[in-house]
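Take a look at the letters that make up each chain.
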Amino acid sequence: MSVQVQQLPLGPLQNFVYILGDDVIRQALVVDPGWDVHAIQDGLAQHDLTLAGVLVTHTHLDHINAVGDLVKRADVPVYVHKAETGPLPVSAGSVTRVGGGDEIPLGRHHVRILHTPGHTPGSSCFLVDDRLLSGDTLFVKACGRTDLPGGNPEELFHSLGQIATMDERIAVYPGHDYGDAPKTTIGAEKRQNPFLRFHSPQEFVRAVTGG
Ligand SMILES: [Zn+2]
């Protein structure tokens, strides 16, 4: 009785697509479907899972460019934070806007939305049981860039600070395979990630902007 996490490395930018599957009701939420709709559907089929919804950490193209194909075949909601401004390749009726603290049911479990702006205004992390899907907010020993439209280094500082207060045993599943391992923990990042070691937003902003 737990949520299984499948981590699919897809696309030229080392994206990770995630399938969160409830092994009792055999339904799944797919997080950040990009690049290869067939690989995602194979992942669902291999574990006998039916798609129940799509979650996106943010609307950069590499995280959403398979949403349209996935939803075309299954009319399910696409959840995105209300502060996110980029378009999604689905009809407006498929999109459900969420806020920090909202919970999306998956069988007996819930996926909790954490609003973690900085990489984009509506960037979110998703907490399910003791797993955190951290999108482009937190990577293994790194963090998301803030120099793209809507990026804000001071907001990212506070979002990383919020993550650093979480239980150190929580496993972290990032949005890209940029590190020396595909996943990490909050505790390991607090010890190893230089971007979690700044004490003031000013120092952090200077470090990430090179200013
Ligand atoms: Zn991004």
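This section reports on the structure supplied with the text. Just so we're clear, the structure is a prediction, and the values are computed from it rather than from any experiment.

**Quick word on the coordination of the zinc ion**
Moving on, step 1. In the first shell of the zinc ion, the protein supplies His58 (NE2), His60 (ND1), His119 (NE2) and Asp136 (OD), at 2.2 to 2.5 Å from the metal.
Moving on, step 2. Between the 4 donor atoms coordinating the zinc ion, the angles at the centre fall across 89 to 175 degrees, so the site counts as irregular.
Moving on, step 3. Residue classification places His60 among the partly exposed positions, given a relative accessible area of 22%.

**Examining helix 1 (residues 37-46)**
Think of an α-helix as 3.6 residues a turn; residues three or four steps apart then line up on the same face.
Moving on, step 1. Where helix 1 is concerned, the buried positions are Val37, Ile40, Gly43 and Leu44. Take helix 1 and look down its axis: the buried residues cluster within an arc of 125 degrees, on one side only. Away from its buried face by more than 90 degrees, helix 1 exposes His38, Ala45 and Gln46.
Moving on, step 2. At its buried positions, helix 1 is contacted by strand 1 (3-10), strand 2 (15-22), strand 3 (27-31), strand 4 (50-55) and helix 3 (67-72).
Moving on, step 3. One side-chain oxygen of the residue at the start of helix 1 lies 3.1 Å from the amide nitrogen of His38, identifying that residue as Asp36.
Moving on, step 4. Positive backbone phi, at 55 degrees, marks Asp48, one or two positions downstream of helix 1.

**A look at the packing of helix 4 (residues 153-164) against helix 6 (residues 201-209)**
Describing two packed helices takes the angle between their axes plus the distance from one axis to the other.
Moving on, step 1. One way to put it is that helix 4 packs onto helix 6 with a least axis distance of 9 Å and a crossing angle of 120 degrees. Classified by chirality, the crossing of helix 6 by helix 4 is right-handed. On helix 6, the residues touching Pro153, Glu154, Leu156, Phe157, His158 and Leu160 of helix 4 are Pro201, Phe204, Val205, Val208 and Thr209.
Moving on, step 2. For the contact of helix 4 with helix 6, the class distribution of residues is 8 nonpolar, 2 polar and 1 charged.

**Looking at the pairing of strand 8 (residues 109-115)**
Moving on, step 1. With 4 bridges joining them, strand 7 (residues 103-106) and strand 8 adopt antiparallel strand pairing. Bridge pairing in strand 8 links Glu103 to Arg112.
Moving on, step 2. Linking two consecutive strands that pair antiparallel, namely strand 7 and strand 8, is a turn of 2 residues; a positive phi of about 60 degrees is found at Gly107 within it.
Moving on, step 3. Across 5 bridges, the pairing between strand 8 and strand 9 (residues 124-128) is antiparallel. Bridge pairing in strand 9 places Ile113 opposite Phe126.

**What about the nonpolar core?**
Moving on, step 1. Among the nonpolar cores identified, the biggest contains 23 residues, and Val30, Ile40, Val54 and Val67 are the most heavily contacted of them.
Moving on, step 2. Counting residues per element, the ones that place at least two in this core are strand 1, strand 2, strand 3, helix 1, strand 4, helix 3 and strand 5 (78-81).
Moving on, step 3. Those residues in contact with Ile40, other than ones at most four positions away along the chain, are Leu8, Leu10, Val17, Ile19, Val30, Pro33, Gly34, Ala66 and Leu70.
Moving on, step 4. In terms of nonpolar packing, the next biggest core, distinct from the first, is built from 18 residues, Val31, Ile104, Leu106 and Val128 among them.

Quick notes on the rules
Residues numbered from 1 in each chain as written. Predicted model: local features only at pLDDT ≥ 70, side-chain atom pairs only at ≥ 80, totals over all residues. Heavy atoms only, no water. Donors = N, O, S within 2.8 Å, 3.2 Å for Na, K, Ca; no water. Tetrahedral: all angles 85-135°; square planar, octahedral: opposite > 155°, others 65-115°. Buried < 20%, exposed > 50% of the residue type's maximum accessible area, 1.4 Å probe, protein only. Helix = DSSP H or I, 4+ residues; strand = E, 2+ residues; numbered from the N terminus. Arc of directions from axis to C-beta. Contact = heavy atoms within 4.5 Å. Polar contact = N/O pair within 3.5 Å; in protein donor to acceptor, adjacent residues only side chain to side chain. Axes fitted to C-alpha atoms, helices over the stretch in contact; angles between N-to-C directions. Left-handed = near helix turned anticlockwise from the far one by under 90°. Nonpolar A, V, L, I, M, F, W, Y, C, P; charged D, E, K, R; others polar. Pairing = 2+ DSSP bridges. Core = buried A, V, L, I, M, F, W, Y, C linked by side-chain atoms within 4.5 Å.

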